[in-house]
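Residue strings, one per chain:
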Amino acid sequence: MSIYNHNIDLAGKKEQITLEPYKDKVILIVNVASKCGFTPQYTELEEIYQKYKHEGLVVLGFPCNQFANQEPGPDEDIQTFCKLDYGVSFPVLSKIDVNGENTHPLYKELKELAPGTLGSAIKWNFTKFLIGKNASEVKRYAPITKPKSLEQDIIDLLHK
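The rules behind the values
Residues numbered from 1 in each chain as written. Predicted model: local features only at pLDDT ≥ 70, side-chain atom pairs only at ≥ 80, totals over all residues. Heavy atoms only, no water. Helix = DSSP H or I, 4+ residues; strand = E, 2+ residues; numbered from the N terminus. Buried < 20%, exposed > 50% of the residue type's maximum accessible area, 1.4 Å probe, protein only. Lys, Arg positive; Asp, Glu negative; His and termini not counted. Salt bridge = Lys/Arg side-chain N within 4 Å of Asp/Glu carboxyl O. Polar contact = N/O pair within 3.5 Å; in protein donor to acceptor, adjacent residues only side chain to side chain. Contact = heavy atoms within 4.5 Å. Phe/Tyr/Trp six-rings, centres within 6.5 Å; stacked < 30°, edge-to-face > 60°. Core = buried A, V, L, I, M, F, W, Y, C linked by side-chain atoms within 4.5 Å. Pairing = 2+ DSSP bridges. Right-handed = clockwise from strand over helix to strand, strands pointing away.

Chemist: How should I be thinking about the side chain of Glu71 in this particular structure?
Modeler: Examined against the element boundaries, Glu71 turns out to sit in the loop between strand S4 (57-63) and helix H2 (75-86). Within the buried set, Glu71 has no salt-bridge partner at all; the shortest N-O distance to an opposite charge, 5.8 Å, is to Lys95. Side chain to side chain, Glu71 and Ser34 meet in a polar contact 2.9 Å long. The residues touching Glu71, leaving out its near neighbours within four places in the chain, are Val32, Ala33, Ser34, Pro63, Cys64, Asn65, Ile78 and Lys95.

Encoded structure:
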């Protein structure tokens, strides 16, 4: 299965999309949470998105409540928080699981393509996956990695 074929629920809607429309773009996928010490990374994620979206960067946030109950609210609350507190304009999708029995199929595939240094499990909120055009490359970054530090990797993939 291609990462572009997985069904993804739109937040607050009974509608699904796939990543197929983003096949020719560079995608940064992040599991996010509103009550995490890394939550301020939303600011840098939005800045990078604004800076490179016209060149073909897409940022997708996937809320997850699997780490210390740091994303407990419903999709509507998450959307409101992201927009009001951080001015997020990139898509923040419906809440998913990134580990365990109910891991979203997209995350199962991402973890296979870029397993991480200490096994494939997602260790915490704000783990990042950077996907090249047509899934030419998939890189994984730790939660502590600030989004702006990915800028050169993003530029490199945008110009490939």
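Picking up where we left off.
Chemist: Sorry if this is basic, but what is going on with the packing of aromatic side chains here?
Modeler: Each aromatic ring pair is summarised here by two numbers: the centre-to-centre distance and the angle between the ring planes. In this structure the tally under the stated criterion is nine aromatic pairs. Look at Phe62 and Tyr107: their rings are 5.9 Å apart centre to centre, the planes differ by 80°, and that puts the pair in the edge-to-face class. One end of the pair, Phe62, is in strand S4; the other, Tyr107, is in helix H3 (residues 105-113), and 45 residues separate them in sequence. Given a relative accessible area of 0%, Phe62 falls into the buried group. Measuring from centroid to centroid gives 5.4 Å for Phe67 and Trp124, while their planes differ by 45°, and the two rings are tilted. Separated by 57 residues along the polypeptide, Phe67 in the loop between S4 and H2 and Trp124 in the loop between H3 and strand S5 (128-131) bring together distant segments of the chain. Ring-pair connections join several aromatic residues into one group, and the members of that group are Tyr42, Tyr49, Phe81, Tyr86, Phe90 and Phe126.

Chemist: Would you take a moment to explain the nonpolar core for this structure?
Modeler: Within the largest apolar cluster, 26 residues are counted, with the highest numbers of intra-cluster contacts made by Leu28, Tyr42, Leu57, Phe90 and Ile154. If you list the elements that add at least two residues to this core, you get strand S3 (26-32), helix H1 (41-52), S4, H2 and helix H4 (151-158). If you tally residues by element for this core, the top one is H1, at five residues. Dropping the residues within four chain positions of it, Tyr42 is found in contact with Val32, Ala33, Phe81, Cys82, Tyr86, Val88, Phe90 and Phe126.

Chemist: How should I be thinking about the environment of Leu158 in this particular structure?
Modeler: As for its placement among the helices and strands, Leu158 is situated in helix H4. A relative accessible area of 6% places Leu158 in the buried class. Separated by 19 residues in sequence, Leu158 and Lys139 place their C-alpha atoms 14 Å apart. Excluding residues that lie within four positions of it along the chain, Leu158 makes contacts with Val26, Tyr52, Glu55, Gly56, Leu57 and Lys133.

Chemist: Help me out: how do you make sense of the pattern of salt bridges in this one?
Modeler: Side-chain pairs of opposite charge can arise whenever the charged atoms involved come near each other. What the rule picks out here adds up to six salt bridges. Here Lys148 ties to Glu47 by a salt bridge, and the two come within 2.6 Å at their closest N and O atoms. With Lys148 in the loop between strand S6 (138-141) and H4 and Glu47 in helix H1, this pair connects stretches of sequence that are 101 residues apart. Under the relative-accessibility criterion, Lys148 is labelled partly exposed at 42%. For Glu47, a relative accessible area of 37% corresponds to the partly exposed category. With its nearest N and O atoms 3.9 Å apart, the salt bridge here joins Lys139 to Asp153. Of this pair, Lys139 sits in strand S6 while Asp153 sits in helix H4, and the two are 14 residues apart along the sequence. With a relative accessible area of 21%, Asp153 lands in the partly exposed category.

Chemist: Where do I start with the pairing of S4 in this structure?
Modeler: Looking along a regular strand, one sees side chains alternate from face to face of the sheet. Where burial is concerned, most of S4 is hidden: seven out of the seven residues are buried. Side chains Leu57, Val59, Gly61 and Pro63 of S4 all project onto a buried face; the interleaved residues Val58, Leu60 and Phe62 project onto the opposite face, where all are buried too. One ladder, built from seven bridges, connects S3 with S4; its direction is parallel. Across the sheet, the residue bridging to Val26 is Leu57, located in S4. Assessed by its sense of winding, the connection that carries the chain from S3 through H1 to S4 is right-handed.

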